[in-house]
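Commentary on secondary and tertiary structure
Residue strings, one per chain:
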Amino acid sequence: MKWLRKLFQAVGKKSGITPSKDQSEDKEPEVGQKDEVASDLDNVRNKAEGYELRDLGDGMYFVHLAHGRACWLYNEKMAELIPLVARSGSVLFLEESDIEKTAAARIAEECPQYAMYAHFRFWVYAFKDGLADVEWTVCPDGMYWADEDGYGMEDDEEVSLHGKITMDGKPIGKFHLYERKH
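No experiment lies behind these values; they were computed from the predicted model shown. (Residues numbered from 1 in each chain as written. Predicted model: local features only at pLDDT ≥ 70, side-chain atom pairs only at ≥ 80, totals over all residues. Heavy atoms only, no water.)

Right, let's talk about the packing of aromatic side chains for a bit. For the structure shown, the criterion picks out 7 aromatic pairs. A ring pair is formed by phenylalanine 62 and phenylalanine 122, whose centres lie 6.4 Å apart and whose planes are at 35°; its orientation type is tilted. Of the two residues, phenylalanine 62 is situated in strand 2 (residues 60-65) and phenylalanine 122 in strand 5 (residues 122-128); the sequence distance between them amounts to 60 residues. When sorted by exposure, phenylalanine 62 lands in the same class as phenylalanine 122, which is buried. Aromatic side chains tyrosine 114 and phenylalanine 120 sit 5.1 Å apart centroid to centroid with 80° between the ring planes, which places their arrangement in the edge-to-face category. Each member of the pair, tyrosine 114 as well as phenylalanine 120, is classed as buried. Pairwise contacts between aromatic rings join Phe62, Phe93, Phe122, Trp123 and Phe175 into one cluster. (Phe/Tyr/Trp six-rings, centres within 6.5 Å; stacked < 30°, edge-to-face > 60°. Helix = DSSP H or I, 4+ residues; strand = E, 2+ residues; numbered from the N terminus. Buried < 20%, exposed > 50% of the residue type's maximum accessible area, 1.4 Å probe, protein only.)

This is the structure we're talking about:
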């Protein structure tokens, strides 16, 4: 990821740290990685099939793959694609430290296999005053696993997180447990 490498270089210059050989500019990106990022941006700009865009206001769009887990924020004015979730489902915009302690403890206890992965519902709402709400279902309730007759239902309780992000995809405050009102 070219933007990430540039960030590390900028931080390194400010702190006097020189990048290691692995972080240097002459390191080649993984096979296909550079092309994939450029291709995603081109696909979003051209509204290619399989990339679903939802207008969030202020020239911002929530983009996700129709058949996949990857999603981004697209800043139309800056022609910038900001990754939120990788194709694998890994959450890219948060660190574990950005999650409230009680929420992190519940995830660790009830569904550790889904920690820091967005395998289920992940949604960004419209921007208001430069911030957008994010809702992330870390683990669905047990009905998710059931067929139409209820066979296969699990005892799982839904674990969803809620938080806010800026227009550049940075979290504001801690993400906390979200309780749906039924």
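Following the structure, the description resumes.
What follows deals with the confidence of the model for the chain. Averaged over all residues, the pLDDT of the chain equals 77, while 69% of them reach at least 70. With pLDDT under 50 throughout, residues 1-34 is counted as low confidence; its partners more than four residues away or in other chains account for 16 contacts. (pLDDT = per-residue confidence, 0-100. Contact = heavy atoms within 4.5 Å.)

So, about the pattern of salt bridges. The final tally for this structure, using the stated rule, is 4 salt bridges. A salt bridge links arginine 87 to aspartate 40; its shortest N-O distance comes to 2.8 Å. Placement of arginine 87 in the loop between strand 4 (80-85) and helix 3 (101-110) and of aspartate 40 in helix 2 (residues 33-45) is noted, with a sequence separation of 47 residues between them. The exposure class of arginine 87 is partly exposed, given its relative accessible area of 36%. Arginine 121 is paired through a salt bridge with glutamate 135; the nearest N and O atoms lie 3.2 Å apart. (Salt bridge = Lys/Arg side-chain N within 4 Å of Asp/Glu carboxyl O.)

Our next topic: the nonpolar core. Core analysis: the largest hydrophobic core is formed by 31 residues, its most contacted members being Leu73, Leu84, Phe93, Phe122, Val124 and Trp136. Among the secondary structure elements, those contributing two or more residues to this core are strand 2, strand 3 (71-75), strand 4, helix 3, strand 5, strand 6 (131-139) and strand 7 (159-166). In terms of residue count, strand 6 provides more of this core than any other element does, 5 residues in total. Among the nonpolar cores identified, the runner-up in size contains 10 residues, and Tyr61, Val63, Leu65 and Tyr74 belong to it. (Core = buried A, V, L, I, M, F, W, Y, C linked by side-chain atoms within 4.5 Å.)

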